[in-house]
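Overview (structure and organization)
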Amino acid sequence: MGRIESGSIQVGDDVTILPSGLTSKVKEIVKYEGPIQQATAPQSVTLTIDDHLDISRGDALVKSNNLPTVVNEFDAMLCWLAEEPLDPRRKYLVKHTTRCVKAKVNQINYRMDVNTLDHETVETLNMNDIAHVRMKVQQPLVCDDYTHNRATGSFIVIDESSNNTVAAGMIAFEKS
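Described below are features of the structure shown in this document. Remember, it's a predicted structure, so these values are computed and weren't measured experimentally.

Here we come to the environment of leucine 18. Turning to its location among the elements, leucine 18 is positioned in strand β3 (residues 14-18). Beyond its immediate chain neighbours, meaning those up to four positions away, leucine 18 contacts Asp59, Ala60, Val62, Leu67, Pro68, Val70 and Val142.

Here it is, written out as structure tokens:
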């Protein structure tokens, strides 16, 4: 059960469960009103698959011919929202789609001066700073570049001691 974040799915489509990589085929799609042949974003549906597989909260079912990236590290544009500055030595929680994982800001590549768009070297982030950072997460995330898919390309950072949201981010994969 879940919401279709982008695109569409139909009965008979081959799907991959991520991050496990197991595959199956869509056997049935059910809405509240009953079975349907195809569903599109942003519908909430129940998918029945051909195989008996363990699918957990936070796992993604994706078309096998259109796989997103599964990462433990990623670059992001981060807007620091908290009054308390970022402590690069601390662990935080990253909430991405329905998954919440422990994370750390591994590196602050630069802070952006919002008036000139210049890149500045900094050791920490203060309230309302926008920076390009390198994040490391304890468990893999299934994500896309924010410019490709806003739902799977965005996240929030939570202070695990206070449970406050301290930052919002957009995943930015390097362009090849």
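With that settled, consider unusual backbone geometry. The omega torsion across leucine 18 and proline 19 is 15°, close enough to zero to call that bond cis. Considering the arrangement of structural elements, one finds proline 19 in the loop between β3 and β4 (22-31). For the bond from alanine 41 to proline 42, the omega torsion is 5°, close enough to zero to count as cis. Looking at the secondary structure, you find proline 42 in the loop between β6 (38-40) and β7 (44-49). The phi torsion at asparagine 128 lies on the positive side, around 75°, for a residue other than glycine. The backbone of asparagine 163 sits at a positive phi, close to 70°, despite the residue not being glycine. Relative to the assigned elements, asparagine 163 resides in the loop between β14 (154-158) and β15 (165-171).

We now examine the side chain of histidine 96. Here histidine 96 shows up in strand β10 (residues 92-96). The class of histidine 96 is buried, set by a relative accessible area of 1%. From its side chain, histidine 96 meets the backbone oxygen of threonine 152 in a polar contact 2.9 Å long.

Below, the discussion takes up the side chain of arginine 99. Turning to its location among the elements, arginine 99 is positioned in strand β11 (residues 99-112). Residue arginine 99 is classed as buried on the basis of its relative accessible area of 15%. Side-chain polar atoms of arginine 99 contact the backbone oxygen of proline 140, separated by 3.2 Å.

Turning our attention to the packing of aromatic side chains. Inspection of the entire model under this criterion finds two aromatic pairs. On the numbers, 5.4 Å between centres and 75° between planes, the contact of phenylalanine 74 with phenylalanine 155 is edge-to-face. With phenylalanine 74 in strand β9 (residues 69-80) and phenylalanine 155 in strand β14, the pair connects residues that are 81 residues apart, well separated along the chain. The buried category is assigned to phenylalanine 74, whose relative accessible area is 1%. Here the aromatic rings of tryptophan 80 and tyrosine 92 are separated by 5.8 Å at their centres, their planes lie at 80°, and the arrangement is edge-to-face. Of the two residues, tryptophan 80 is situated in strand β9 and tyrosine 92 in strand β10; the sequence distance between them amounts to twelve residues.

Close approach of charged atoms lets side chains of opposite charge pair. Summed over the entire model, instances satisfying the criterion amount to 13 salt bridges. Of the charged contacts, one joins lysine 31 and glutamate 33 as a salt bridge, the two residues approaching to 3.7 Å between their closest N and O atoms. According to the relative accessible area criterion, lysine 31 is partly exposed, its value standing at 26%. Looking at glutamate 33, the relative accessible area reads 65%, which means it is exposed. Notably, a salt bridge pairs lysine 102 with glutamate 160, separated by 3.9 Å at the nearest N-O pair. Linking lysine 102 in strand β11 with glutamate 160 in the loop between β14 and β15, this pair joins segments that are 58 residues apart in sequence. Assessed through its relative accessible area of 37%, lysine 102 is described here as partly exposed. One continuous salt-bridge network, built from bridges that share partners, spans Glu73, Asp75 and Arg134.

Cut-offs used in this document
Residues numbered from 1 in each chain as written. Predicted model: local features only at pLDDT ≥ 70, side-chain atom pairs only at ≥ 80, totals over all residues. Heavy atoms only, no water. Helix = DSSP H or I, 4+ residues; strand = E, 2+ residues; numbered from the N terminus. Contact = heavy atoms within 4.5 Å. Buried < 20%, exposed > 50% of the residue type's maximum accessible area, 1.4 Å probe, protein only. Polar contact = N/O pair within 3.5 Å; in protein donor to acceptor, adjacent residues only side chain to side chain. Phe/Tyr/Trp six-rings, centres within 6.5 Å; stacked < 30°, edge-to-face > 60°. Salt bridge = Lys/Arg side-chain N within 4 Å of Asp/Glu carboxyl O.

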